Amino acid sequence: MSASPSPSLETDVAALLSDWTGPYGGEPPFDRVAVSALEPAIEEAMRLNQGEIDAIAADPAAPTFANTIAPLERAGRALDRVQTIYGVWTANLKTPEVQAVETRMEPALAAFSDRIFQNEALFARIDAVYRARGRSDLTPEQQRVTWKHWNAFVKQGAQLPAAAKARVTAINQRLASLSSSFMQNLLADEAEHVLYLSEGELDGLPQALRDAYAQDAADRGRPGAWAVSNTRSAMEPFLTYSDRRDLRETVWRAYYSRGGNGDDHDNTVSIIPETLRLRYEKARLMGFPSYAAWKMQDTMAGTPEAAMAQMMQVWPAAVARVRQEVADMQAIADGEVGGTAPPIAPWDYRHYAEKVRKAKYDLDMQAAARYLQLDKMREALFWAAGRLFGFSFARIDAPVFSPDMSVYEVKDRSGRHLALWYLDPYARPIKASGAWMNQYRGQQTDEPAAAVVSNNTNFVKPAPGRPVLISWDDAVTLFHEFGHALHAIHAKVTYPSVSGTNVARDFVELPSQLYENWLPTEAVLSRFAVDEDGRPIPGPLVDKLLKARTFNTGFAVTEYLAAAIVDMKLHTTPQGPGDPPIDPARFEKETLEAIGMPPEIVMRHRTSQFFHVFQGDGYAAGYYSYLWAEVLDHDAFEAFTETGDPWDPATAQRLADDILSVGDTIDPAEAFRRFRGRDPDVGAYLRAKGFPVS
Ligand SMILES: [Zn+2]
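Every value quoted in this text rests on a predicted model; they were computed, and no experiment measured them.

Reading guide: rules and limits
- Residues numbered from 1 in each chain as written.
- Predicted model: local features only at pLDDT ≥ 70, side-chain atom pairs only at ≥ 80, totals over all residues.
- Heavy atoms only, no water.
- Donors = N, O, S within 2.8 Å, 3.2 Å for Na, K, Ca; no water.
- Helix = DSSP H or I, 4+ residues; strand = E, 2+ residues; numbered from the N terminus.
- Buried < 20%, exposed > 50% of the residue type's maximum accessible area, 1.4 Å probe, protein only.
- Phe/Tyr/Trp six-rings, centres within 6.5 Å; stacked < 30°, edge-to-face > 60°.
- Lys NZ or Arg CZ within 6 Å of the ring centre and 35° of its normal.
- Pairing = 2+ DSSP bridges.
- Core = buried A, V, L, I, M, F, W, Y, C linked by side-chain atoms within 4.5 Å.
- Contact = heavy atoms within 4.5 Å.

Can you walk me through the coordination of the zinc ion in this structure?
Under perfect tetrahedral coordination by four donors, a metal shows angles of 109.5 degrees; under perfect octahedral coordination by six donors, it shows angles of 90 or 180 degrees. Bound to the zinc ion on the protein side are His480 (NE2), His484 (NE2) and Glu509 (OE), at distances that span 2.1 Å. Each donor residue of the zinc ion belongs to the same chain, with the gaps between them written as H-x3-H-x24-E. In this pair, His480 and His484 are both assigned in helix α18 (residues 472–490), 4 residues apart and thus about one turn of the helix distant. With respect to class, His480 is no different from His484; both count as buried.

What is the right way to read the packing of aromatic side chains from this model?
One pair of aromatic rings is described through two measures. These are the centre distance and the angle between the planes. Inspection of every chain in the model, using the stated rule, returns 41 aromatic pairs. Between Phe382 and Phe393 the ring centres are 4.1 Å apart and the planes differ by 5°, which places this aromatic pair in the stacked class. With Phe382 in helix α17 (residues 374–389) and Phe393 in strand β3 (residues 392–396), this residue pair connects regions lying 11 residues apart in the sequence. With relative accessibility at 17%, the residue Phe393 sits in the buried group. The residue whose ring lies beneath Arg258 is Tyr255, and the NZ or CZ to ring-centre distance is 3.8 Å.

Looking at this model, I keep getting lost on the pairing of strand β4 (residues 406–411). Mind explaining?
The side chains of a regular strand alternate between the sheet's two faces. Of all 6 residues in β4, 5 are buried, a share of seventy percent or more. Two strands pair when backbone bridges link them, and β3 and β4 are joined in this way by 5 bridges, in the antiparallel orientation. Within the sheet, the bridge partner assigned to Ser392 lies in β4 and is Lys411. Sheet topology places β4 next to strand β5 (residues 417–426); 6 bridges connect them, and they run antiparallel. Looking across to β5, one finds that Lys411 is bridged to His417. Count of turn residues in the β4/β5 antiparallel hairpin: 5 residues, of which Gly415 carries a positive phi of about 85°.

Whenever I open this one, the nonpolar core confuses me. Can you help?
The tendency in soluble globular proteins is for nonpolar side chains to be buried side by side. Counting 140 residues, the largest nonpolar core has Met377, Phe482 and Tyr515 as the members making the most contacts within it. Among the elements that take part in this core, helix α14 (residues 304–337) stands out by supplying 12 residues, more than any other. With near-sequence residues (within four places) excluded, Phe482 lies in contact with Leu381, Phe382, Ala385, Phe393, Trp421, Asn455 and Tyr515. Core analysis: the second largest hydrophobic core is formed by 58 residues, Val33, Ile53, Ile396 and Leu420 among them.

Set out below in structure tokens:
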């Protein structure tokens with residue numbers, strides 16, 4: 001409640017643009033946000049930023065780091081602040097009013113960013129500083145920051161002659177339209193191919209699944225039937241539980257032929273081949289031998305060959321594990337018929353894997369949840385960070401955007417202020433699903449600022465006084481997202497563009513996935529996995545949880561790797577005017593045959609439906625990065641276990657110094673080498689997956 005008159009729009013806009021103030025080095029003004037002020041504030045912030053950029057570009061003095069790169073790092077601060085708030089409102093508080101702002105502002109923000117990258121006077125200055133970087137007295141961080149700005153422009157084609165630039169713009173526009181056609185086709189195949197079941201066709205399906213299918217059928221105007229829609233979330237449980245082999249095959253075929261049915265919605269006839277041709281042409285214009293080489297130039301892997309080599313190191317072990325899984329399943333299938341059952345087909349895999357799981361890993365996930373209370377798990381996050389890194393966490397009062405949030409001050413071993421950490425734990429209808437981390441503000445010393453970060457999850461808010469019980473997977477997710485937060489909290493850099501989580505895509509999941517490893521330690525579980533009466537989780541249950549982590553890993557890794565390998569092959573195959581165009585179905589078949597794909601498994605995302613790769617280009621020649629990061633995190637954790645102590649203080653110190661605090665100030669491959677004393681090795685990953693290692 002407030003007695004003052006409602007502030008004018010001008011005051012609301014000023015609140016979004018101005019410096020953050022407060023007792024902890026400046027806190028986001030979540031209590032002073034008027035949605036009506038977002039749009040004018042973003043526009044004003046872009047105008048201010050444009051003025052800063054124009055001044056840098058028009059500087060009559062010869063270009064130096066101090067008059068070009070440093071002011072670029074300082075520019076756009078008001079835009080950063082208002083975009084942080086805008087990002088929170090579009091992710092955590094997305095009302096129709098906020099949605100309308102987003103619809104109007106997204107094209108404006110994209111155009112603003114394009115204008116900066118097309119500023120030739122600005123690029124000429126960045127290029128001059130970049131070319132002189134070795135001859136000048138720049139620190140290694142300053143050289144890296146200079147490279148980062150230069151590379152961002154060059155990747156957009158800043159070095160190209162005018163005609164080539166125009167061609168790249170035309171290619172980008174055509175690719176954007178191919179991308180939306182791709183997705184429309186996929187969604188059409190998902191919407192149109194629905195399997196309606198009668199009561200006699202439900203054998204094996206659990207009641208909850210029957211209820212969900214019945215509800216779906218009713219929603220589609222077919223009450224009294226059961227609908228299996230053509231989506232992953234409907235397909236996977238059907239293949240797992242249905243006893244009807246013929247229907248499993250029907251559902252499997254519909255799902256895995258999406259986008260490739262030879263009808264009006266087929267992605268393979270022209271959309272995918274044209275996309276691949278245009279991507280290849282763009283990469284060639286930029287001076288690269290393939291699209292993958294262009295795309296991966298600033299990743300940790302660096303080249304398609306490096307990513308491919310790692311995948312092919314893991315592939316034989318994954319396939320060997322599949323043979324074991326298939327043998328276990330075939331034994332169960334044979335036992336059921338009392339003789340020789342048909343060989344396990346792709347539509348049988350999930351079904352018999354579930355039977356193996358029951359027989360070998362018998363695990364009641366509900367039993368574990370009793371011991372996983374959200375508040376206790378949050379304490380576990382803090383305790384582990386204290387033991388490893390000497391951090392302490394104290395709850396403070398700071399402006400929040402929901403009364404359910406809490407804010408903590410993070411201090412280092414000597415009691416010095418390090419960061420603020422916000423938690424927005426509960427689901428609400430206007431909040432994005434899933435869990436994520438935000439870096440509201442990055443640490444830097446150029447214009448001194450401490451990190452301000454948040455974790456966001458979607459737990460169901462409990463009745464007052466009741467604990468939130470979460471699943472094992474949720475607890476893993478908490479540790480994962482907090483690992484991202486710790487990456488930002490550790491930052492000790494000079495410039496914001498290289499601070500915290502601003503690192504390469506195939507490196508950014510290392511700190512998060514690594515932190516997951518401290519959840520299943522004796523020290524954490526005995527203290528924090530306790531029920532409401534304080535009784536710790538029983539040892540045998542922990543053993544089962546740990547053993548279940550290697551269940552069906554052959555299937556999961558093989559279906560993933562098959563897709564990642566095809567992605568990389570598609571984007572390293574020349575597609576110039578003289579090259580035969582790629583026929584996706586044939587290409588996929590030949591590529592998988594050549595590497596010995598087990599006949600019981602298909603690609604997790606077949607080419608015709610591979611939206612990670614063909615809806616936009618986020619994971620094009622990038623699907624490998626899930627494996628890349630996992631190899632890093634298992635290898636890094638073995639640096640601890642090799643000492644005999646998962647909490648080894650010297651190793652934790654090296655992790656902080658070499659990986660967590662350096663951000664993107666050095667090449668990530670070099671950072672890893674400093675920490676581990678060598679390049680990443682897949683051995684730890686293979687052991688963690690339970691693969692047969694020769
Ligand atoms: Zn992550």
